[in-house]
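Listed below, chain by chain, are the residues.
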Amino acid sequence: MHRILVSACLMGRRVRYDGRAKAVEDALVEEWRREGRLVVHCPEVAGGLPVPRPPAEIEPGATAADVLAGRARILTPDGRDVTGHFVDGAHAALATARAHGVGVALLKESSPSCGLHEVYDGTFTGHKRPGEGVTARLLADHGIAVFTENEIPAVAARLRELEEDRRTARPERPVQGRTTS
């Protein structure tokens, strides 16, 4: 069974910067929860940020790839650099995904960690721009299919593909005559 890494805030956990959750209510998500597929994770908390905390945004004009490569920062409105927390959280999410056999991630759109199609533009004016968060980028770079809370049917389709691939894959045959020395 393939597992799904899911943003903790989408599961009702009060881990967002403002101390709130953004719970998603969906029959498929509930089914996955009952099946034990969900691996709940908040990269920002895993990276050491408190709840609540000041909002943070990727610098204007920079990308998640720039942040991961050390060429850009994630800042709070007062200019505090919290990049390390976000990068550490992204790596913690990847480690969690690997440890649990995750093939798919369901993440919160617009977050500097979890956004997939858009993030806030770095001006703290509430404007968004096309882009992704650092966790979404890192997971995708390592072969994990990433989706937002607005794409739950696509998550289900990807899970079906992964399950079909598993059913049709031939088991590896042991190599005969090999010994260790």
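The written sequence of each chain sets the order in which its residues are numbered from 1. Residues qualify for local features only when their pLDDT is at least 70, as the model is predicted, and side-chain atom pairs are given and counted only at 80 or more; totals for whole chains, interfaces and linings, by contrast, use all residues. Heavy atoms throughout the structure, all of them, feed into the side-chain values; hydrogens and water do not.

## Focus on the overall build of the chain
Just so we agree on the cut-off: A run of DSSP states H or I qualifies as a helix once it reaches four residues; a run of E qualifies as a strand once it reaches two. Both are numbered from the N-terminal end. Only the protein chains shown count as cover for residues, and the accessible areas themselves come from Shrake-Rupley with a 1.4 Å probe. This count recognises Lys and Arg as positive and Asp and Glu as negative, with His and chain-terminal groups excluded. Charged groups are reduced to one reference atom each: NZ for lysine, CZ for arginine, CG for aspartic acid, CD for glutamic acid.
In terms of helices and strands, the chain carries six helices and eight strands. Secondary structure elements of the chain, listed N to C terminal, follow the sequence β-α-β-α-β-α-β-α-β-β-β-α-β-α. The dimensions of the chain, computed from C-alpha atoms along their principal axes, are 65 × 45 × 25 Å. Summing over all exposed atoms, the chain offers an accessible surface of approximately 9700 Å²; the carbon and sulfur share of this is 49%. Positive and negative charge centroids in the chain, built from 25 and 25 side chains respectively, lie 5 Å apart.

## A few points about the confidence of the model for the chain
The condition is simple: The pLDDT value tells you how sure the predictor is about a given residue, anywhere from 0 up to 100. Between two residues, a contact is recorded if the distance between any of their heavy atoms is within 4.5 Å.
On average, residues of the chain score 93 in pLDDT, and 93% of them are at 70 or above. Long-range and interchain partners of residues 172-181, a stretch whose pLDDT sits below 50, account for zero contacts in this model, where long-range means more than four residues apart.

## Considering helix α6 (residues 152-168)
Definition in use: Under the convention used throughout, the expected extent of a helix is 1.5 Å for every residue step, that is, one less than its residue count. Only protein chains enter the area calculation, which uses a 1.4 Å probe; residues under 20% of their type maximum are buried, those over 50% are exposed, and those in between are partly exposed. In this description, one arc is meant: the one made by directions from the helix axis to the C-beta atoms.
Its 17 residues place the ends of α6 25 Å apart at the C-alpha level, agreeing with the 24 Å of an ideal helix rising 1.5 Å per residue. Taken residue by residue, α6 has Ile152, Val155, Ala156, Leu159, Leu162 and Glu163 as its buried positions. What you see down the axis of α6 is that its buried residues fit within an arc of 125°, all on one side. Within α6, the exposed residues directed more than 90 degrees away from the buried face are Pro153, Arg160 and Thr168. Looking at the buried side of α6, the elements it contacts are β1 (3-7), α1 (27-35), β5 (102-107) and β8 (145-148).

## Regarding helix α4 (residues 83-99)
Along its 17 residues, α4 runs 24 Å from first to last C-alpha, staying within 8% of the 24 Å computed at 1.5 Å per residue. Looking only at α4, the buried set comprises Thr83, Phe86, Val87, Gly89, Ala90, Ala93, Leu94, Thr96 and Ala97. Of the residues trailing α4, Gly101 is marked for its positive phi of about 65°.

## A word on the nonpolar core
Note the following rule: Among buried residues, the Ala, Val, Leu, Ile, Met, Phe, Trp, Tyr and Cys ones that are joined through side-chain atoms within 4.5 Å form a nonpolar core.
Grouped together as the largest cluster of nonpolar side chains are 28 residues, with contacts concentrated most on Leu5, Ile74 and Leu139. Elements supplying a minimum of two residues to this core: α3 (64-68), α4, β5 and α5 (134-141). Looking at which element gives the most residues to this core, the answer is α4, with six residues. Residues Leu10, Leu38, Val104 and Phe147 belong to the second largest nonpolar core, which totals 19 residues.

## Some remarks on the state of the cysteines
By definition, a disulfide is the covalent link that joins the sulfur atoms of two cysteine residues. Heads up, the rule is: When two cysteine sulfur atoms are found within 2.5 Å, that pair is recorded as a disulfide.
According to the stated counting rule, one finds zero disulfides in the structure shown. For Cys9, which is in no disulfide, the shortest distance to another cysteine sulfur is to Cys114 and amounts to 6.7 Å. In this model Cys42 remains outside any disulfide bridge; the closest cysteine sulfur is found in Cys9, 6.8 Å from its own. You can call Cys42 buried: its relative accessible area is 14%.

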